[in-house]
Amino acid sequence: MGFPPASSAGSCRVRGFGPPASFGLPPPNSPQKPLRLRLRQKNLTLRQADLLETWLKGQPWVREAAVHERTGCLIVTFTGERETVLSALGAFTWAGAEASVALPDHSTRAMNREFQEKLVGKVAVKAAATLFLPAPLRIARVIWHMAPFLRKGLRCLGRRQIKVELLDALSIGISACRRDFGTAGTVMFLLEIGELLEDWTRKKSVADLAESLSLHVDRVWLKNGNDEVLVSIGQVKPGDLVVVRAGGVIPLDGVVAEGEITVNQASLTGESVPVAKRPGGALYAGTVVEEGECVLEVKQASGQGRYDQIVDMIQRSEQMKSAAEAKASNLADKLVPYTFAGSLLDLLLTRNVTRALSVLMVDFSCALKLAMPLAVMSAMREAGREHITVKGGRFLEATAKADTIIFDKTGTLTHACPQVAQIIPFNGKNEAEMLRLAACLEEHFPHSMANAVVEAARRRGLRHEERHAKVEYLVAHGIASSVDGEQVRIGSAHFIFEDEKVRIPEGEQEKFDTLPPEFSQLYLAIDGVLSAVICISDPLREEAKDVFSALRRLGVKKTVMLTGDSPRTAAAIAAQLGVDDFRAGVLPADKAEYVAALRREGHTVLMVGDGINDSPALSEADAGIAISDGAAIAREIADITIAADSLWELVQLRQLAMALMNRIQANYRFVIGFNGALIGLGAAGVLPPATSAMLHNLSTLGVSLHSMRALPLPKSGQRF
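This structure is a prediction, so every number in the text was calculated from the model and none was measured. (Residues numbered from 1 in each chain as written. Predicted model: local features only at pLDDT ≥ 70, side-chain atom pairs only at ≥ 80, totals over all residues. Heavy atoms only, no water.)

Caption draft 1: Representation of the pairing of strand β22 (residues 605-609) within the structure. Burial within β22 is extensive, with five of its five residues counted as buried. Neither face of β22 is exposed, since Val605, Met607 and Gly609 on one face and Leu606 and Val608 on the opposite face are all buried. Pairing of strand β13 (residues 404-408) with β22, which is carried by four bridges, proceeds in the parallel orientation. Bridged to Thr404 within β22 is Val605. Relative to strand β23 (residues 623-627), β22 runs parallel, the two being bridged by four bridges. (Buried < 20%, exposed > 50% of the residue type's maximum accessible area, 1.4 Å probe, protein only. Helix = DSSP H or I, 4+ residues; strand = E, 2+ residues; numbered from the N terminus. Pairing = 2+ DSSP bridges.)

Caption draft 2: Layout of the packing of aromatic side chains. On inspection of all chains with the given rule, the structure shows eight aromatic pairs. A ring pair is formed by Phe92 and Trp94, whose centres lie 5.1 Å apart and whose planes are at 85 degrees; its orientation type is edge-to-face. Classification of Phe92 as buried rests on a relative accessible area of 3%. Residue class for Trp94 comes out buried when judged on its relative accessible area of 10%. Joined through ring pairs, the aromatic side chains of Phe426, Phe497, Phe512 and Tyr523 make up one cluster. Above the face of the Phe426 ring, Lys511 is positioned so that its terminal group lies 4.7 Å from the ring centre. (Phe/Tyr/Trp six-rings, centres within 6.5 Å; stacked < 30°, edge-to-face > 60°. Lys NZ or Arg CZ within 6 Å of the ring centre and 35° of its normal.)

Caption draft 3: Structural context of the sheet that holds strand β20 (residues 558-562). If you trace the seven strands from one edge of the open sheet to the other, you get β12-β24-β23-β22-β13-β20-β21, paired in mixed fashion. The strands lining the two open edges of the sheet, one partner per strand, are β12 (389-390) and β21 (581-583). As defined by bridge partners, β12 adjoins strand β24 (residues 640-642) across two bridges and the pair is classed as antiparallel. Counted as the bridge partner of Thr389 is Thr641 from β24.

Caption draft 4: Structural context of unusual backbone geometry. Its identity as a non-glycine residue notwithstanding, Lys501 has a phi of 55 degrees, on the positive side. Looking at the secondary structure, you find Lys501 in the loop between α17 (493-499) and α18 (509-513). Of note in this structure, Asp527 is not a glycine but carries a positive phi near 50 degrees. Mapped onto the elements of the fold, Asp527 is located in the loop between β18 (520-526) and β19 (529-537).

Caption draft 5: Main features of the pattern of salt bridges. Applying the stated criterion across every chain, the model contains 22 salt bridges. Arg489 is paired through a salt bridge with Glu500; the nearest N and O atoms lie 3.2 Å apart. Placement of the pair is Arg489 in strand β17 (residues 486-491) and Glu500 in the loop between α17 and α18, with a sequence separation of eleven residues. For Arg489, a relative accessible area of 17% gives the class buried. (Salt bridge = Lys/Arg side-chain N within 4 Å of Asp/Glu carboxyl O.)

Caption draft 6: Helix α20 (residues 567-577), seen in detail. Listed as buried for α20 are Thr569, Ala570, Ala572, Ile573, Ala574 and Leu577. Among the structural elements, α14 (409-413), α19 (544-553), β20 and β21 are those in contact with the buried residues of α20. With its phi angle positive at about 80 degrees, Gly578 sits one or two positions after the end of α20. (Contact = heavy atoms within 4.5 Å.)

Caption draft 7: Examining the nonpolar core more closely. In this structure, Phe407, Met561, Leu577, Ile625, Ile640 and Leu660 are the most contacted members of the largest nonpolar core, which totals 48 residues. Per-element tally for this core: the top contributor is helix α24 (residues 648-683), with eleven residues. Excluding residues that lie within four positions of it along the chain, Leu660 makes contacts with Ala375, Val376, Ala379, Leu396 and Leu711. The next biggest cluster of nonpolar side chains, apart from the first, holds 25 residues, and it includes Val420, Leu437, Val483 and Ile536. (Core = buried A, V, L, I, M, F, W, Y, C linked by side-chain atoms within 4.5 Å.)

Caption draft 8: Region of the structure containing the pairing of β20. Of all five residues that make up β20, four are buried, and the element is covered over most of its length. With five bridges connecting them, β13 and β20 associate as parallel partners. Pairing of Thr404 across the sheet is with Lys558, part of β20. In the sheet, β20 pairs with β21 via three bridges, with the strands oriented parallel. Within β21, the position partnered with Val560 by the bridge is Asp581.

Dropping the structure here:
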């Protein structure tokens, strides 16, 4: 059952968002366009919905896709022509998708459905019991449900622990003993809903983590003699040969057995420039072949490579994080013994049960447990308006307390978009003419550095007509050609000086030795003599230096830059930015260990990054902050995500977090002070139990309303 042509039964039909002439789509020249379709198949199974959504996300023209199984609707954001989308959907079949798409072991959709059913079931049962059950049956139901809560309270007593579980059990038990079964039932209902939400959040986090870390490479081309066979990645063993071509993802760890390629490793190692790989060179799963074709000799089977080791590190760190108790719950636990002690002491001194109950009716737990979540939700709402996504209150607390912020370089402090920064001519050559010549050669081979050269020539208005003979492109080396009878070469230092034996002009060695260290270089040679060096930069974010200054004014004591670049380049960039410290040539595990070492020294650490290589460090930090247009893995692992537009959002985030903590502390002082006064007045016999309970509930409502007020957050673009 699939998507037959629109004229046949079982087809999908377009349902527009507006009038038929527009279908709710942007103008035709818009790069991304939304499209809503409805299947004639009214309802999809969960597996069919997962299968269709996964298939859609694997299509090259899809940017976003969502499938709604209950209504049979799908919403696709695509690029290109609308007819292309409809044609592909018309040819879709479930059997074809089953053969080409691998679904994850655990479906997030199924998990969400299970949670929704549990939540709706609990609410429905509670409503039905309240509305339709006679009083004796309602009482029996409450008594039956009391048992687990009372067991938890007794278990705390057995372990000699006075915790919130004991307070919950006591509240339920006293309400039941006073024959207030309605209150007991409501308390238990709210506790069960909270436990269900917590369980769902944990499971969804694990499922999202597994999905985000998937390489989505299901099949590979296995080399078998002179033939290539398409096989499942699970069938590949160490020692097998796999063919990988330009644009393809390296599916497994291994080494180059044949061929030469350039590989974009920015997401794994942080290197901003594609890396040349020759026979014997190491390749890592998850990196992308930019140019060339090679045969990969597999060294690690699926699930055993460096990529998978990073996943394991992240998962271990996430488990440690999930074991931490929330600050508000800890404080509530610490105050429970004082409530018990006050009630017991009053009973012993006065022999008055009413006074003792007046003390017991006032506790700190309700207000404390509400003050933190409501204040956090308010902060998260304000952050969301500024395109900052925060996954939990403890990460805002870590942001407020942080004394050290660590930054990845590529894509975080830079734009990850190579540009020509400088042309340094040699051997008496003209700078503009050398750029024109380089662009004339590079325009035939579009990769990131070649594009930078061509764009630089365009900006300067340099026309570069065809003047050369046949151009020979050597993958991962450079370009060789003949121009006006002269032999021209452009490429890497290895290609120019080692392969082509180019010499530096006499008297210009010192000029060569003092090339700017912060740039990558392309070397241009004519007839065996160096004629120009084209310096390629990965431009720093213009606001980075000012952001560091603003963060220091907000109490951050140390800023650190981590990069996979050479020490020479890293030192030059660090000096430009004004960071307090830097580390060069670091691998993912090195970044994570550096963060862990700082935390062991007692620092509160934030890690800001955007790539797969940053993921272990993001997870190891007290709070990991990802750039929104970085690797999907980094965004999923990070505790906080900021937009890619400006690093000023870090300053906004810091100010917001500090304002949140000030509000929470003020709430804590009010809750402890006001409820402490109520306990004192109740113990003195001034307030009866009913009045104590009423004032306690009113104070809880008041602090809740105060916590829901918007926190002050600087507007976008405001500078500090």
